[in-house]
Amino acid sequence: MSFAGKHAIVTGAGSGIGAALCRALDQAGAHVLCTDVDEAAAEATRAALSSRAGAARLDVTDAAAVQAAVDAVVDRAGRLDLMFNNAGIVWGGDTELLTLDQWNAIIDVDLRGVVHGVAAAYPQMLRQGHGHIVNTASMAGLTAAGQVTSYVATKHAVVGLSMALRSEAVPRGVGVLVVCPAAVETPILDKGAVGGFVGRDYFLQNQGKAYDADQLARDTLRAIERNKAILVKPAVAHAQWWFARLAPVLMNRMAMRFVAGQRTRQGDRSQSAAPGSG
Ligand SMILES: NC(=O)c1ccc[n+]([C@@H]2O[C@H](COP(=O)([O-])OP(=O)(O)OC[C@H]3O[C@@H](n4cnc5c(N)ncnc54)[C@H](O)[C@@H]3O)[C@@H](O)[C@H]2O)c1
């Protein structure tokens, strides 16, 4: 499959993995619409690309707006070849600290955002007889550890949605890929902390160094070309995924130890940051 001349929409394109996907698609000759709830960020991504690229504000929690973005590309180009449902947020911290508003916000963006992208793009792709849907989940969609419980819940749902959809879509000409990276070097590692949680510490404890977003974007295009079902990166995450399937109860015990260790480090940090301490 060549990406030259293909028409693509990327959500969450103003930063991190979404911006990297836009760069990779543009370099491969695609027409990419960079969208983000942060319009200036989407525009900044577009500004670094060729004149084929466009930018628009798009909040993935707004189903009508997602449908309108798909319709606009189809009106202009006659088709939509690639839909990247990538926008996401994270909350990290003890689950009892999470408000219902925070639960609803992550479900709205990380799960409903993907549902809105699928509901808008998939019927069009069936009508045109081809297309590819790419959903950004996470290793948190394949394994489960505490303190990111809401994130794990939405990402497991995105993996399930993607694999189920794939089983009916591929025989009808539409590809579905779910991308499940471990830690990638993007601003999300420093977002969404509740209590003493430190995302960078949590997500990098078993990985050392975060994976490169541009490398992940190139891996993603290769996985689309090969019509792969799941992309897991980096290689060390494969071992975790394999272990989680082989020994889920043991893996859960290890998650308990990991979370306990994290809680201790967070407690230590908040004590040393307390006024009058140290
Ligand atoms: N970076 C990682 O370690 C990592 C690992 C696994 C999965 N992911 C997933 O990758 C995806 C991209 O994350 P990232 O790491 O690039 O993070 P990021 O924070 O750098 O980028 C996320 C982008 O999504 C946008 N966004 C947030 N809410 C939105 C909404 N309602 N509508 C549209 N856009 C919205 C933000 O404005 C931001 O530009 C997410 O789904 C995330 O869960 C990230």
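Computed from a prediction, not measured in an experiment: that's the story for all the values here. Every chain is numbered on its own, with residues counted from 1 as its sequence reads. Where local features are concerned, this predicted model is filtered to residues with pLDDT of at least 70; where side-chain atom pairs are given and counted, the filter is 80 or more; whole-chain, interface and lining totals use all residues. Side-chain numbers come from the whole structure's heavy atoms, not from hydrogens or water.

## Regarding the overall build of the protein chain
Here is step 1 of the chain: Note on conventions: DSSP H or I runs of at least 4 residues are helices, E runs of at least 2 residues are strands, and numbering of each starts at the N terminus. Tallying secondary structure elements over the protein chain gives 9 helices and 7 strands in all.
Here is step 2 of the chain: Here the globule rule is a power law, 2.2 Å times the number of residues to the power 0.38, and the radius of gyration is based on C-alpha atoms. For 278 residues, the compact-globule formula gives about 19 Å, and the C-alpha radius of gyration of the protein chain, at 19 Å, lands near that figure.
Here is step 3 of the chain: Overall, the protein chain is about 65 × 40 × 30 Å in size when its C-alpha atoms are taken along their principal axes.
Here is step 4 of the chain: By the burial criterion, 49% of the 278 residues in the protein chain qualify as buried. Exposure is judged per residue with a 1.4 Å probe applied to protein chains only, and the accessible area is read against the type maximum: over 50% gives exposed, under 20% gives buried, and values in between give partly exposed.

## With respect to the state of the cysteines
Here is step 1 of the chain: Cysteine sulfur atoms that pair up within 2.5 Å are treated as a disulfide. The full count for this structure, using the stated rule, is 0 disulfides.
Here is step 2 of the chain: Looking at Cys 22, it has no disulfide partner, and the nearest cysteine sulfur is the one in Cys 34, 3.6 Å off.
Here is step 3 of the chain: Residue classification places Cys 34 among the buried positions, given a relative accessible area of 0%.

## Observations concerning the packing of aromatic side chains
Here is step 1 of the chain: For Phe, Tyr and Trp, rings pair up if their centres lie within 6.5 Å, where Trp contributes its six-membered ring, and each pair is then called stacked (planes under 30 degrees apart), edge-to-face (over 60) or tilted (otherwise). Counted under the stated rule, the structure contains 4 aromatic pairs.
Here is step 2 of the chain: Here Tyr 202 and Phe 203 contribute two aromatic rings whose centre-to-centre distance is 5.1 Å and whose plane-to-plane angle is 75 degrees, an arrangement assigned as edge-to-face.
Here is step 3 of the chain: A ring pair is formed by Tyr 202 and Phe 258, whose centres lie 4.9 Å apart and whose planes are at 75 degrees; its orientation type is edge-to-face. With a gap of 56 residues between them, Tyr 202 in helix α6 (residues 199-204) and Phe 258 in helix α9 (residues 248-273) connect regions that are remote in the sequence. As far as the burial class goes, Tyr 202 and Phe 258 line up, both buried.
Here is step 4 of the chain: Among the aromatic side chains, those forming a connected cluster through ring pairs are Phe 197, Tyr 202, Phe 203 and Phe 258.
Here is step 5 of the chain: Sitting above the plane of the Trp 241 ring, Arg 245 keeps its charged end 3.8 Å from the centroid. By definition, being over a ring means that NZ of Lys or CZ of Arg is both within 6 Å of the ring centre and within 35 degrees of the ring normal.

## Points about the site of the ligand
Here is step 1 of the chain: What makes a residue near a molecule or strand is one non-hydrogen atom of that residue sitting within 4 Å of it. Not every one of the 30 residues close to the ligand is listed here, only the nearest: Ser 15, Asp 36, Tyr 151, Thr 186 and Lys 191.
Here is step 2 of the chain: We call two N or O atoms a polar contact when they sit within 3.5 Å, provided that within protein one can donate a hydrogen and the other can accept it, with sequence-adjacent residues counted only if both atoms are side-chain atoms. One of the backbone nitrogen or oxygen atoms of Ile 17 is found 2.8 Å away from an oxygen atom of the ligand.
Here is step 3 of the chain: At 3.4 Å from a nitrogen atom of the ligand is found a main-chain nitrogen or oxygen belonging to Val 37.
Here is step 4 of the chain: All accessible-area figures derive from a Shrake-Rupley calculation using a 1.4 Å probe, and residue coverage is judged against the displayed protein chains alone. Protein coverage of the free-state accessible area of the ligand, which is 820 Å², stands at 93%.
Here is step 5 of the chain: Taken together, the elements giving at least two residues each to the shell around the ligand come down to α1 (16-27) and α5 (149-169).
Here is step 6 of the chain: Among the residues forming the shell around the ligand, the class breakdown is 16 nonpolar, 10 polar and 4 charged. All amino acids are sorted into three groups, where Ala, Val, Leu, Ile, Met, Phe, Trp, Tyr, Cys and Pro are nonpolar, Asp, Glu, Lys and Arg are charged, and the leftover types, Gly among them, are polar.

## Some words on the pairing of strand β6 (residues 174-181)
Here is step 1 of the chain: Most of β6 is tucked away, with 8 of its 8 residues classed as buried.
Here is step 2 of the chain: Judged by which residues are buried, β6 turns out to be covered on both faces: Val 174, Val 176, Val 178 and Cys 180 on one side and Gly 175, Leu 177, Val 179 and Pro 181 on the other are all buried.
Here is step 3 of the chain: With its strands directed away from the observer, a crossover is right-handed exactly when the path from the first strand over the helix to the second travels clockwise. Regarding the hand of the β-α-β motif, the stretch spanning strand β5 (residues 131-136), α5 and β6 is right-handed.
Here is step 4 of the chain: Pairing between two strands is assigned when DSSP locates at least 2 bridges connecting them. Both β6 and strand β7 (residues 230-233) contribute to a ladder of 4 bridges, which runs parallel. Looking at the pairing, Val 178 lines up with Ile 230 of β7.

## Topic: the packing of helix α4 (residues 100-128) against α5
Here is step 1 of the chain: Only the stretch in contact is used when a helix axis is fitted, and all axes are lines through C-alpha atoms; the angle between N-to-C directions ranges over 0 to 180 degrees. Where α4 contacts α5, the two axes come as close as 8 Å, and the packing angle between them is 15 degrees. With respect to α5, the element α4 is oriented roughly parallel. Note on packing geometry: the crossing formed by α4 with α5 is right-handed. Contacts from Trp 103, Ile 106, Ile 107, Asp 110, Leu 111, Val 114, Val 115, Val 118 and Tyr 122 of α4 reach α5 at Thr 149, Ser 150, Tyr 151, Thr 154, Lys 155, Ala 157, Val 158, Leu 161, Leu 165, Glu 168 and Ala 169.
Here is step 2 of the chain: Here the residues of the contact of α4 with α5 are counted per class, giving 14 nonpolar, 3 polar and 3 charged. If an angle is under 35 degrees, it is roughly parallel; if it is over 145, roughly antiparallel; if it lies from 65 to 115, roughly perpendicular; otherwise it is oblique. In this scheme the handedness of a crossing depends on how the near helix is turned from the far one: anticlockwise by less than a right angle means left-handed, clockwise means right-handed. In what follows, residue pairs with any heavy atoms lying within 4.5 Å of each other are defined as contacts.

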